[in-house]
Amino acid sequence: MFKDLDPILHSQLRLAVMSLLISVKEAEFTFIKEKTRATAGNLSVQIQKLKDAGYIDVQKQFRDNYPMTTCKITKAGIKAFEEYVASLQDYLGGR
Amino acid sequence: MQETEHFSGKESLELITSMINKAKDVNHSTGLTSVMWGLVIVTCSLVRLAEIHYGFRMPFDIYLLTVIAVIPTIYFSIKEKRESRVKAYSDSFIDNTWLSFGIAIFLLSFCLNVVFADIRPMHEEYTKLAGHAAAFNFYDYTSSFFLLLYGLPTFITGSSMKFRPMFWGGLVCWVSCIISLYTPVKTDLLLTAVSAVFAWFIPGLILEKRYRKAKQELARQHV
């Protein structure tokens, strides 16, 4: 019996963002944009969805008069990511 | 990257692996601190070597440069942290390694000064009684202690960051540490200068080049 894959994480860009954030302490929006090669608009929407799900913390502040958005994975995000990977491994291993 | 919800489990795992690997490729050091310390130690060692070889003394102790260099080190470190777009888990580990190295170097210098202060009268008395200086001079061995410490944070940083030039630089320090036990002071100072070039100056230049390249790449992508 396979667990359903978390629909929040089972999306290419959101999964890419979570995979980046699980590897680092925190990252700026520009860094995530550069690594995922997503457009700013699309990335903003997906980050908001991850934030609404409680998987990431988003902090907006100013640095040298420029807006700066920093993202950090939450405990709930780590748990969800681990469960997603475990479900994937079950799914791939069981086929 | 587009928003796609129809991708297979295998593709998901591939995406996760690829993103984790991209996140590993995080190096925001400008290399400036490393280059600066390489130059400082080379300057100190070569000036001290010249003092011994040509028999003159500078109006101040050249190793005071290392104390002065702490100020730009703090400035560059704060600037790098502020400009960094990503904080890795290994950052605090590397920072603490170099902080403990700085403390260890300070303590070693302090300990050696205390030892020298105790040994000096003994040496003077021996020279007076024997009519010649003692064959054993503790000063001949001090470079080995410093080289031992130089290798430690350099090797740790090089191996944990998977940055080969610094990894080899750390090993050069330790090889020099062993050699310097058997060589005269002037050779020890040369070995220290060579070690500083391999441990910090060259790796710093490589980091600086990488940093510039990454910055240009970022500007090209307009992010």
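What you are looking at is a predicted structure, and each value in this text was computed from that prediction instead of being measured. (Residues numbered from 1 in each chain as written. Chains lettered and ligands numbered in written order. Predicted model: local features only at pLDDT ≥ 70, side-chain atom pairs only at ≥ 80, totals over all residues.)

**Student:** Got a minute to help me understand the overall build of chain A in this structure?
**Tutor:** Within chain A one finds four helices and three strands. What you see in chain A, going N to C, is helices and strands ordered as α-β-α-α-β-β-α. For chain A, the C-alpha atoms occupy an extent of roughly 55 × 25 × 20 Å along the three principal directions. For chain A, the residues scored as buried account for 37% of the 95 residues in total. For chain A, long-range pairs separated by at least 24 residues make up 57% of all intrachain contacts whose partners lie at least 6 apart in sequence. (Helix = DSSP H or I, 4+ residues; strand = E, 2+ residues; numbered from the N terminus. Buried ≥ 20, exposed ≤ 12 C-beta atoms within 10 Å, placed from the backbone. Contact = placed C-beta atoms within 7 Å.)

**Student:** It is not clear to me how the overall build of chain B should be interpreted in this structure. Could you clarify?
**Tutor:** For chain B, the helix and strand inventory stands at eight helices and one strand. Counting from the amino terminus, chain B carries its helices and strands in the arrangement α-α-α-α-β-α-α-α-α. Since a compact globule built from 223 residues should have a radius of gyration of about 17 Å, the 23 Å found for chain B marks it as more spread out than a globular shape. Each principal axis of the C-alpha distribution contributes one length, and for chain B these read about 90 × 35 × 25 Å. Residues classed as buried in chain B amount to 22% of the 223 residues present. Long-range pairs, those at least 24 residues apart, make up 74% of the contacts in chain B between residues at least 6 apart in sequence. (Rg over C-alpha atoms; globule rule 2.2 N^0.38 Å.)

**Student:** What should I look at first to understand the nonpolar core in this one?
**Tutor:** In globular proteins that are soluble, nonpolar side chains generally tend to be buried together. A:Val17, A:Met18, A:Leu20, A:Leu21, A:Val24, A:Ala27 and A:Ile32 are the most contacted members of the largest nonpolar core, which totals 31 residues. For this core, the elements supplying multiple residues, two or more each, are helix 1 (12-23), helix 2 (29-36), helix 3 (40-52), strand 3 (66-73) and helix 4 (75-94) of chain A together with helix 1 (9-24) of chain B. Each residue touching A:Val24, except ones within four places of it in the same chain, is listed here: B:Ala23, B:Val26, B:Val86, B:Lys87, B:Ala88 and B:Tyr89. Judged by nonpolar contacts, the second largest core, of 18 residues, contains B:Phe146, B:Phe198, B:Trp200 and B:Phe201. (Core = buried A, V, L, I, M, F, W, Y, C linked by C-beta atoms within 7 Å.)

**Student:** Help me out: how do you make sense of the sheet that holds strand 1 (residues 26-28) of chain A in this one?
**Tutor:** Whether parallel or antiparallel, the strands of a sheet pair through hydrogen bonds between backbone atoms. Taken together, the four strands give an open sheet; going across it, the order is 2(A)-3(A)-1(A)-1(B), and neighbouring strands pair in antiparallel fashion. The open sheet terminates on both sides in strands that have one partner only, identified here as strand 2 (56-63) of chain A together with strand 1 (86-87) of chain B. With two bridges joining them, strand 1 of chain A and strand 1 of chain B adopt antiparallel strand pairing. By the bridge assignment for strand 1 of chain B, A:Glu26 is matched with B:Lys87. (Pairing = 2+ DSSP bridges.)

**Student:** Mind showing me how you'd approach the packing of helix 1 of chain A against helix 1 of chain B here?
**Tutor:** In contact at an axis separation of 8 Å, helix 1 of chain A and helix 1 of chain B are set at 40° when each is read in the N-to-C sense. Classified by the interaxial angle, the pair formed by helix 1 of chain A and helix 1 of chain B is oblique. The way helix 1 of chain A lies across helix 1 of chain B gives a crossing that is right-handed. In this structure, helix 1 of chain A uses A:Gln12, A:Leu15, A:Ala16, A:Ser19, A:Leu20 and A:Ser23 to contact helix 1 of chain B, whose residues at the interface are B:Ser12, B:Leu15, B:Ile16, B:Met19, B:Ile20, B:Lys22, B:Ala23 and B:Lys24. Among the residues forming the contact of helix 1 of chain A with helix 1 of chain B, the class breakdown is eight nonpolar, four polar and two charged. (Axes fitted to C-alpha atoms, helices over the stretch in contact; angles between N-to-C directions. Parallel < 35°, antiparallel > 145°, perpendicular 65-115°, else oblique. Left-handed = near helix turned anticlockwise from the far one by under 90°. Nonpolar A, V, L, I, M, F, W, Y, C, P; charged D, E, K, R; others polar.)

**Student:** Could you clarify how one ought to interpret the interface of chain B and chain A in this entry?
**Tutor:** Frequently, the measure chosen for interface size is the accessible area that the parts lose on association. Taken together, the contact pairs 26 residues of chain B with 28 residues of chain A. Contributing elements (two or more residues each) for the side of chain B that touches chain A: helix 1, strand 1 and helix 8 (185-221) of chain B. Counting residues per element, the side of chain B that touches chain A draws most heavily on helix 1 of chain B, which supplies eleven residues.

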